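Commentary on secondary and tertiary structure
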Amino acid sequence: MSIQLISVSHKTADLNIRSCFALTKEQQIKYLKDMVSGGYIEECALLSTCNRLEIYLYGKDGNQREIFSEAEKGLLRMIAFPEGVDGAEYLRFYEGEKAERHLFFVAAGLDSMVMGEDQILGQVKESWQQAMAAGTIGTCLNTCFRYAVTGAKKVKTETDLSRTPVSTATIAIKAAREYLGDLKEKKVLLIGASGKIGNSIFKNLLSEGETQIYMTSRQHCHGGKGERYLELPYSERYAWLDEMDVVLSATASPHYTLTLDKVKKALVTKKRRVFIDLAVPPDIDRRVQELSNTGYYNIDDFSRVADENNRKKEKEAAAAADILEDYRIQFEKWMIFQKSFHEVQSVKEKICSQAEAKGMDKALSHFFFALRESFEPGQLEMFMEALKKVEESYEEN
């Protein structure tokens, strides 16, 4: 019994490549169901964010090669890559402890571009729930995700990794401030405010109190109008563009929210502006950077700021890794026990049967004698050390 993983992330692929791997919700669910109906894969969960696509798999021992092959072929069939691009070269494969440890690190934000960022834990939970709803997750992956999420929560409460959160949203706002000098009394157009990243940006801007916020969303999710913000219909985004100093876009749209030609027509007033694209695939035509006095950033441009943040958090990351490893080992023990569950039940029945016939003392003596005879000396010594810990736990309780 082992967990397997196929991963594409910001560590192995740039924005253009990751955009190819950005599956819609419908595609994700189809993929999950296709995988568990193929034969070798018994459980499957899929995590998709702006910085990664990861597929967690489980099947019987001995089928690892077939499991990887089915999952890879199924994924690449769903994606149209640009000419000359081999999508397979960006895939990374993990198995067993490495796959488990990776999930635990991802859930706690240790594998994020911005170490310790808060959004990833929610995204891991969503991927878990999505697989449960699709009926593609069973006992093994369900337990692994549960341990990973529990470990990540403990990291958040017992370390400072997330107590001074630096998220994609805060880095985006920092980039805008650096480009314009300051954001005092600046007008900000936020496209996609109803999404998770967009909502995070909105809350950050609102708390800082420097800007006037204009939000486009297809659903009015913030009440229409406030003292410092105004909701606009998405269809009017170009009509308001000329007034804006900062334009941020973070939607799940499969097409551009802003194209170069329409931006050029909309911009009349000459002033410094900055466009920030936080979507994968991209929302904003990157050619807007060709316009005079115009800055442009996408999610990959924030890696420098993220690296600085990560260096500051190295000590907390080490403490977090220790916590996560404790939880991963608990899961590993569960896996080993689960794998031998039938044998455990059988031995329990035999002990109970012998206890009824000859008494519990003789039944347990026979059990320990059988253990002694079946172990190698080194194994027996390890067992006896474990037995001392069991004895201590009884005394404590």
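Not measured: the values here are computed from a predicted model.

**Regarding helix 5 (residues 119-134)**
Spanning 16 residues, helix 5 covers 23 Å between terminal C-alpha atoms, matching the ideal 22 Å at 1.5 Å per step. For helix 5, every residue scored as buried is listed here: Gln119, Ile120, Leu121, Gln123, Val124, Ser127, Trp128, Gln130, Ala131 and Ala134. Packing partners of the buried residues in helix 5 comprise helix 2 (25-36), strand 2 (43-49), strand 3 (52-59), helix 4 (97-108), helix 6 (139-158) and helix 8 (196-208). Gly135, located one to two residues past helix 5, shows a positive phi value of around 75 degrees.

**A word on helix 6**
Here helix 6 is 20 residues long and its end C-alpha atoms lie 28 Å apart, about the 28 Å a rise of 1.5 Å per residue gives. Within the span of helix 6, buried status applies to Cys140, Leu141, Thr143, Cys144, Phe145, Tyr147, Ala148, Val149, Gly151, Ala152 and Val155. On its buried face, helix 6 sits against strand 1 (2-9), strand 2, strand 3, helix 4, helix 5 and helix 12 (314-339).

**A short note on the packing of aromatic side chains**
Counted by the stated rule, this structure contains 10 aromatic pairs. Pairing Trp128 with Phe145 gives two aromatic rings, centres 6.3 Å apart and planes at 35 degrees, and the pair type is tilted. Here Trp128 is found in helix 5, whereas its partner Phe145 is found in helix 6, with 17 residues between them in sequence. For Trp128, a relative accessible area of 15% puts it in the buried group. Aromatic side chains Tyr214 and Trp240 sit 5.4 Å apart centroid to centroid with 40 degrees between the ring planes, which places their arrangement in the tilted category. Of this pair, Tyr214 sits in strand 6 (residues 212-216) while Trp240 is found in helix 9 (residues 237-240), placing the two residues 26 residues apart along the sequence. We classify Tyr214 as buried; its relative accessible area is 9%. Taken together, Tyr56, Trp128 and Phe145 form an aromatic cluster joined through their ring pairs. Cation over ring: Arg146 sits above Tyr147, and NZ or CZ is 5.3 Å from the ring centre.

**As for the environment of Lys350**
Considering the arrangement of structural elements, one finds Lys350 in helix 13 (residues 341-358). For Lys350, a relative accessible area of 56% gives the class exposed. Counting along the chain gives 16 residues from Lys350 to His366, while the straight-line C-alpha distance between them is 11 Å.

Rules behind the numbers
Residues numbered from 1 in each chain as written. Predicted model: local features only at pLDDT ≥ 70, side-chain atom pairs only at ≥ 80, totals over all residues. Heavy atoms only, no water. Helix = DSSP H or I, 4+ residues; strand = E, 2+ residues; numbered from the N terminus. Expected span 1.5 Å × (residues − 1). Buried < 20%, exposed > 50% of the residue type's maximum accessible area, 1.4 Å probe, protein only. Contact = heavy atoms within 4.5 Å. Phe/Tyr/Trp six-rings, centres within 6.5 Å; stacked < 30°, edge-to-face > 60°. Lys NZ or Arg CZ within 6 Å of the ring centre and 35° of its normal.

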